[in-house]
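# Structural features, examined
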Number of protein chains: 2
Amino acid sequence: MRPLLRAPAGERLDLGAFDPASTPGGPAGKAEGIAATAQLAAPLAALQERLYAASTAGDRRRVLLVLQGMDTSGKGGTVKHVVGLFNPAGCRIRSFKAPTPEEHAHPFLWRIRKALPVPGEIGIFDRSHYEDVLIARVRELVSRSQLNRRYAQINRFEQSLADDGVTLVKVFLHISHEEQRERLLERLDNPDKHWKFNTGDIDERALWPEYRHAYELALQRCSIDAAPWYVVPADRKWYRNWAITKLLLEHLEELDPRYPEAAFDVEESRARLLQT
Amino acid sequence: MRPLLRAPAGERLDLGAFDPASTPGGPAGKAEGIAATAQLAAPLAALQERLYAASTAGDRRRVLLVLQGMDTSGKGGTVKHVVGLFNPAGCRIRSFKAPTPEEHAHPFLWRIRKALPVPGEIGIFDRSHYEDVLIARVRELVSRSQLNRRYAQINRFEQSLADDGVTLVKVFLHISHEEQRERLLERLDNPDKHWKFNTGDIDERALWPEYRHAYELALQRCSIDAAPWYVVPADRKWYRNWAITKLLLEHLEELDPRYPEAAFDVEESRARLLQT
């Protein structure tokens with residue numbers, strides 16, 4: 001999956017070349033997709049346990065899944081799906097909203113650093129430091145030169161994370177303009193979903209081309225070898241879930257974490273225990 | 001379930017009167033228990049969504065599940081089970097280990113306050129401030145007069161949480177001495193579980209009567225009306241999961257959170273959206 005979904009680094013990126021309704025490398029349809037995803041759950045959970053176990057013996061490795069995408073692209077649904085595959089006690093989930101005054105007073109990476117996974121954990125970010133080059137660009141919250149510095153800062157930051165044992169899996173959930181309309185309408189049509197709706201979402205939607213361009217630039221300028229971006233077509237939720245599960249599995253298989261050897265005398269402990 | 005499992009407040013508590021292998025009020029057996037628990041999942045998830053939704057309109061209410069119990073009593077397994085019932089993005093999970101030097105330098109409730117759920121969330125504590133009257137008592141980490149002050153501090157703390165909208169569900173996972181031996185042996189017999197084993201667990205086990213007494217005192221002295229303790233027999237995992245699911249459901253049903261009314265003009269938003 002990785003080569004198939006990986007955003008081309010360095011080159012000019014055109015999101016128009018990726019069909020949000022496509023299912024690259026995926027199962028044939030919805031039913032097959034859901035079944036295939038379910039089959040990935042057990043190996044994924046086993047790898048997570050080994051990652052966590054290894055950290056108790058000093059292995060510093062951990063995973064950080066970064067989810068970005070337009071409103072209704074399915075970031076929340078993906079978090080729910082992904083955590084459902086893992087032992088949640090080993091997951092560190094963080095959803096980033098508009099910065100609080102305290103967060104705003106600090107450099108933009110400050111709140112990100114505080115939310116990072118520790119060794120053995122799977123971190124999951126619903127939005128991230130990329131908002132600081134996305135909405136910040138579209139809404140002109142900072143100057144162009146500041147924006148340019150931020151791309152470089154992000155690359156240095158992510159490189160240092162990778163050097164310290166963080167496997168970054170950065171996913172752009174790619175939905176179409178039409179699909180967003182459908183999903184927003186669903187929220188309006190169901191009174192139980194009104195709380196999820198914000199009239200500001202329509203204002204942001206009007207800036208769709210600007211956001212798209214900002215995403216193209218972010219994916220292009222912040223795809224280093226140690227932390228590439230993946231473009232996951234997300235109009236079909238079953239494909240989105242399958243593709244992200246598969247991506248995580250591939251990364252964890254490559255990490256291949258191992259249960260640590262016992263640092264104590266097993267037979268002696270068994271004998272002591274049987275006396276109690 | 002609540003009256004059935006509730007620890008008698010004020011009275012002298014004898015944990016010997018509770019059979020860890022019993023299934024008070026529960027389904028007839030394992031298969032029935034698992035099926036019954038599965039049936040509680042959908043209403044529980046619906047209530048959680050409503051709790052979260054209500055918080056977006058200013059409802060400050062939230063839930064805090066506190067899990068305590070001896071080693072291997074199933075705190076970690078319970079966290080996994082409970083989060084699996086909910087949307088994990090609305091859960092705030094915290095596992096408390098031995099205090100770090102920084103935590104130790106602060107009052108014992110300092111690290112607890114930092115980990116509390118915010119409005120709309122379900123907080124889940126794997127161990128808690130009760131360690132500061134449990135291991136602290138057994139290992140004589142503080143003086144008797146300090147211990148006595150702590151019970152009172154905990155009661156005031158929990159009362160103030162309740163006054164601010166926190167529904168506390170404090171659960172003591174009650175396992176037998178024999179069941180703990182079996183579970184520790186399982187860890188020794190499986191090399192993939194050696195990382196979960198600590199030779200110190202056997203030292204703590206030798207202090208079983210002292211811990212039991214410390215639990216009896218904690219449950220007795222810190223069962224205020226606003227924050228009672230529940231004793232959940234935990235030798236049978238299926239019963240433990242069912243009972244805690246049921247307890248949470250009962251508390252959430254009593255809270256009866258409501259979806260907020262739309263604070264915007266739905267028809268106007270629909271019209272605007274259809275133009276985009």
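The shown structure was predicted, so the numbers you read here are calculated from the model rather than taken from an experiment. Once a new chain begins, its residue numbering starts again from 1 and follows that chain's sequence as written. To label them, take the chains in the order written and letter them from A, then take the ligands in the order written and number them from 1. The model is predicted, so local features are restricted to residues of pLDDT at least 70 and side-chain atom pairs to those at 80 or more, both for listing and for counting; the totals for chains, interfaces and linings are taken over all residues. Hydrogen atoms and water are omitted, and side-chain values are computed over all heavy atoms in the structure.

Okay, the environment of Val118(B) next. Residue and element names in this part refer to chain B. Only DSSP runs of H or I with at least four residues qualify as helices, and only runs of E with at least two residues qualify as strands; both kinds are numbered from the N terminus onward. By the secondary structure assignment, valine 118 is in the loop between α5 (110-113) and β3 (122-126). Only protein chains enter the calculation, and the probe is 1.4 Å; a residue is then buried if its accessible area is under 20% of its type maximum, exposed if over 50%, and partly exposed in between. Here valine 118 falls in the partly exposed class, since its relative accessible area comes to 36%. Throughout, a contact is declared for two residues whenever any of their heavy atoms are within 4.5 Å. Those residues in contact with valine 118, other than ones at most four positions away along the chain, are Arg62 and Arg92.

What follows deals with the side chain of His251(B). Residues and elements named next belong to chain B. Tracing the backbone through its elements, the reader meets histidine 251 in helix α11 (residues 237-255). For histidine 251, a relative accessible area of 8% puts it in the buried group. Histidine 251 has contacts with Arg2, Thr167, Leu168, Val169 and Tyr230, leaving out every residue within four places of it along the chain.

This part covers the packing of aromatic side chains. Between the rings of Phe, Tyr and Trp (Trp by its six-membered ring), a pair exists once the centres lie within 6.5 Å; its type follows the angle of the planes, with under 30 degrees stacked, over 60 edge-to-face, and the other angles tilted. Within this structure, the stated rule accounts for 14 aromatic pairs over all chains. Pairing Phe264(A) with Phe197(B) gives two aromatic rings, centres 5.1 Å apart and planes at 40°, and the pair type is tilted. Of this pair, Phe264(A) sits in the loop between α11 (237-255) and α12 (266-274) while Phe197(B) sits in the loop between α8 (177-189) and α9 (199-206), each in a different chain. Per residue, the accessibility class of Phe264(A) equals that of Phe197(B), and both read buried. Considering the side-chain rings of Phe172(B) and Tyr215(B), the 4.5 Å spacing of their centres and the 40° angle between planes classify their relative orientation as tilted.

Turning to helix α12 (residues 266-274) of chain B, its buried residues are Val266(B), Ser269(B), Arg270(B) and Leu273(B). Buried residues of α12(B) fall within an arc of 100° about the axis and therefore sit on the same side. Lining the buried residues of α12(B) we find α8 (177-189) and α9 (199-206) of chain A. For α12(B), the N-terminal cap is Asp265(B); the gap from its side-chain oxygen to the backbone nitrogen of Glu267(B) is 3.1 Å. The reported arc concerns the directions from the helix axis to the C-beta atoms and nothing else. Pairing of N or O atoms within 3.5 Å defines a polar contact, subject to two protein rules: one partner must be a possible hydrogen donor and the other a possible acceptor, and residues neighboring in sequence count only if both atoms are side-chain atoms.

So, about the sheet that holds strand β2 (residues 91-95) of chain A. Residue and element names in this part refer to chain A. At least two bridges found by DSSP between two strands are what make those strands a pair. Overall, parallel pairing links the five strands, which are arranged β2-β3-β1-β4-β5 in an open sheet. A strand with exactly one partner marks an edge of an open sheet, and here the two such strands are β2 and β5 (229-233). Along the sheet, successive strands turn relative to each other by an average axial angle of 20°, direction set aside. Alignment of strand β4 (residues 166-174) against β5, held across five bridges, turns out to be parallel. Its bridge partner lying in β5, phenylalanine 172 is registered against valine 231. Here, axes are lines fitted to C-alpha atoms. For helices the fit covers the stretch in contact, and angles between N-to-C directions go from 0 to 180 degrees.

All names here are of chain B. Relative to each other, α9 and helix α10 (residues 208-221) sit at 70°, their axes nearing to 5 Å. The orientation of α9 with respect to α10, classified from their angle, is roughly perpendicular. Here Glu204, Arg205 and Ala206 of α9 lie close against α10, whose contacting residues are Trp208, Pro209, Glu210 and Tyr211. When residues are sorted by character, Ala, Val, Leu, Ile, Met, Phe, Trp, Tyr, Cys and Pro go into the nonpolar class, Asp, Glu, Lys and Arg into the charged class, and all the rest, Gly among them, into the polar class. Classifying every residue of the contact of α9 with α10 gives four nonpolar, no polar and three charged. Throughout this description, any angle smaller than 35 degrees is read as roughly parallel, any larger than 145 degrees as roughly antiparallel, any in the 65 to 115 degree range as roughly perpendicular, and the remainder as oblique.

A few words on the interface of chain B and chain A. Taken residue by residue, the interface counts 37 residues in chain B and 37 residues in chain A. Simply put, the buried area is the total loss of 1.4 Å probe accessible area from both parts when two parts are fitted together. In this assembly, chain B packs against chain A so that about 3700 Å² is buried in total across both faces, 69% of it on carbon and sulfur atoms. Put simply, a salt bridge is a Lys or Arg side-chain nitrogen that is within 4 Å of an Asp or Glu carboxyl oxygen. Salt-bridge contacts for Arg270(B) lead to Asp189(A); the nearest nitrogen and oxygen are separated by 2.5 Å. For the pair chain B and chain A, the interface holds eight residue pairs in polar contact (both at pLDDT 80 or more). Put simply, the parts of the chain that give the side of chain B that touches chain A at least two residues each are α2 (30-55), α3 (75-85), α8, α9 and α12 of chain B. A per-class count over the side of chain B that touches chain A returns 20 nonpolar, seven polar and 10 charged.

Right, let's talk about the relation of the copies chain B and chain A for a bit. Expressed as a screw operation, the relation of chain B to chain A combines 0.0 Å of axial shift with a rotation of 180°, fitting to an RMSD of 0.0 Å. Such values leave the two copies arranged in the relation of a two-fold axis. Taking C-alpha positions as reference, the residue of chain B nearest the rotation axis is Gly84(B), located at 3.2 Å. An overlap of 100% is found between the interface residues of chain B and their copies at the interface of chain A, pointing to a shared contact surface. In this comparison the copies share one frame, found by least squares on the C-alpha atoms of residues holding pLDDT of at least 70 in both.

With that settled, consider the pattern of salt bridges. Per the stated rule, a full pass over the model turns up 39 salt bridges over all chains. A salt bridge links Arg61(B) to Asp59(B), with the shortest nitrogen-to-oxygen separation between them at 3.1 Å. Of the residues examined, Asp59(B) reaches a relative accessible area of 22% and is grouped as partly exposed. The partner of Arg127(B) in a salt bridge is Glu131(B), with the nearest N and O atoms 3.1 Å apart. Residue class for Arg127(B) comes out partly exposed when judged on its relative accessible area of 21%. Under the relative-accessibility criterion, Glu131(B) is labelled buried at 11%. By sharing partners, the salt bridges in this structure join Arg2(A), Glu250(A) and Glu254(A) into a single network.

So, on to the environment of Pro8(A). Residue and element names in this part refer to chain A. By the secondary structure assignment, proline 8 is in the loop between α1 (2-5) and α2 (30-55). Judged by its relative accessible area of 26%, proline 8 falls in the partly exposed class. In sequence terms proline 8 and valine 82 are 74 residues apart; their C-alpha atoms lie 25 Å from each other. In contact with proline 8, other than residues within four places in its own chain, are Leu13 and Phe18.

The UniProt entry lists residues 31-256 of chain A under the feature "domain: Polyphosphate kinase-2-related" (unreviewed entry), expressed in the numbering used here. Annotation note: span residues 31-256 of chain A, helix share 54%, strand share 14%, distance between end C-alpha atoms 30 Å. UniProt positions are given in the numbering used here, feature names are shortened, and annotations may be inferred rather than shown by experiment.

Quick look at unusual backbone geometry now. For Asp256(A), which is not glycine, the phi torsion reads 45° and is therefore positive. Along the polypeptide, Asp256(A) turns up in the loop between α11 and α12. Backbone geometry places Glu140(B), a non-glycine residue, at a positive phi of 50°. By secondary structure assignment, the location of Glu140(B) is in the loop between α6 (131-138) and α7 (144-163).

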